[in-house]
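# Commentary on secondary and tertiary structure
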Amino acid sequence: VVAVGKGGEGAEVFMFSHRDRVGMYPMTRLRTEDGGAIALSGSHYIFANGKLTAARYVKVGDELERGDGEMVAVVAKERVMMRGLFNPHTREDVMVVDGFKVSCFTTSVPPALARALLWPMKLVGFGVPEAVIDAVRWMTVGVPQGQESY
């Protein structure tokens, strides 16, 4: 995982909303025409066709954005089981993972709400206590989920 800021400079991860190294989880693996591949949860937003799209809704033929801004076509999509579930957050709300531009957000809540809930933690800085992360999760119970794309 490489976190990248708006100008291409490094961006630090200030917290993880998920960090499970042990469990097995279903992932969506997307392969691109240039030989690239990324595996992420189906609910994680990736930049596809110029907008945030939950990985489970990306289709063969859609174009993913590379970290350098280049667009590459998806040539294969598969569901795989993988060990670990991680959701890092940067102040910029975006990262480059395996060469692809992804959001720090998932469909758990709409991105605008996630941004608002995370804003105080961005001010606090690094090392957000687990109790604070749990409180934010509790506040989102019953909140409508995010859309397919934005």
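Before any of the text, the structure's been laid out above.
The present account deals with the structure reproduced in this document. (Residues numbered from 1 in each chain as written. Predicted model: local features only at pLDDT ≥ 70, side-chain atom pairs only at ≥ 80, totals over all residues. Heavy atoms only, no water.)

## Here's the deal with the nonpolar core
Here is a general trend for soluble globular proteins: nonpolar side chains tend to be buried in one another's company. L30, I38, L40, I46, V58, L64 and V102 are the most contacted members of the largest nonpolar core, which totals 15 residues. Among the secondary structure elements, those contributing two or more residues to this core are β2 (37–40), β3 (44–48), β6 (71–90), β7 (94–97) and β8 (100–106). For this core, the element with the highest residue contribution is β8, accounting for three residues. Not counting residues up to four positions away in its chain, the partners in contact with L64 are L30, T32, I46, F47, A48, V58, E70, M71, V72, V74 and F100. Counting twelve residues, the second-largest nonpolar core is a separate cluster that includes M15, A114, L118 and M121. (Core = buried A, V, L, I, M, F, W, Y, C linked by side-chain atoms within 4.5 Å. Buried < 20%, exposed > 50% of the residue type's maximum accessible area, 1.4 Å probe, protein only. Helix = DSSP H or I, 4+ residues; strand = E, 2+ residues; numbered from the N terminus. Contact = heavy atoms within 4.5 Å.)

## Some thoughts on the packing of aromatic side chains
Counted under the stated rule, the structure contains zero aromatic pairs. For the cation-ring pair, R66 lies above F100, with the distance from its terminal atom to the ring centre recorded as 4.1 Å. Its guanidinium or amino end placed over the ring of F47, K101 lies 4.4 Å from that ring's centre, counting from NZ or CZ. (Phe/Tyr/Trp six-rings, centres within 6.5 Å; stacked < 30°, edge-to-face > 60°. Lys NZ or Arg CZ within 6 Å of the ring centre and 35° of its normal.)

## Some thoughts on a negative patch on the surface
Taken together, the side chains of E33, E63, D68 and E70 make up a negatively charged region of the molecular surface. Relative accessible area serves as the criterion here: at 62%, D68 is assigned to the exposed category. (Patch = residues over 30% accessible without salt bridge, like charges linked within 9 Å, V, L, I, M, F, W, Y side chains within 5 Å. Areas by Shrake-Rupley, 256 points an atom, 1.4 Å probe, with all protein chains shown as cover. Salt bridge = Lys/Arg side-chain N within 4 Å of Asp/Glu carboxyl O. Lys, Arg positive; Asp, Glu negative; His and termini not counted. Charge placed at Lys NZ, Arg CZ, Asp CG, Glu CD.)

## Quick look at unusual backbone geometry
Positive phi values are uncommon outside glycine, yet D93 reaches one of about 70°. Tracing the backbone through its elements, the reader meets D93 in the loop between β6 and β7. With a relative accessible area of 7%, D93 lands in the buried category. Unlike most non-glycine residues, D98 shows phi in positive territory, near 50°. Checked against the element boundaries, D98 lands in the loop between β7 and β8.

## A look at the pattern of salt bridges
Opposite charge on two side chains permits them to pair, given that their charged atoms come into close proximity. If you walk through the whole model with that rule in mind, you get six salt bridges. Notably, a salt bridge pairs E78 with R31, separated by 3.4 Å at the nearest N-O pair. Separated by 47 residues along the polypeptide, E78 in strand β6 and R31 in strand β1 (residues 13–32) bring together distant segments of the chain. Of the charged contacts, one joins K59 and D62 as a salt bridge, the two residues approaching to 4.0 Å between their closest N and O atoms. By sharing partners, the salt bridges in this structure join R29, R31 and E78 into a single network.

## Comments concerning helix α1 (residues 111–124)
If you check α1, its first and last C-alpha atoms are 20 Å apart, about what 14 residues at 1.5 Å a residue would give, namely 20 Å. Where α1 bends most, at L118, the angle is about 40°, and the proline P120 comes one to four residues later. Along α1, the positions that sit buried rather than exposed are P111, A114, L117, L118, M121 and K122. (Expected span 1.5 Å × (residues − 1). Bend = angle between axes of the 7 residues up to and from the residue.)

Keep in mind these numbers describe shape, not what the thing actually does.
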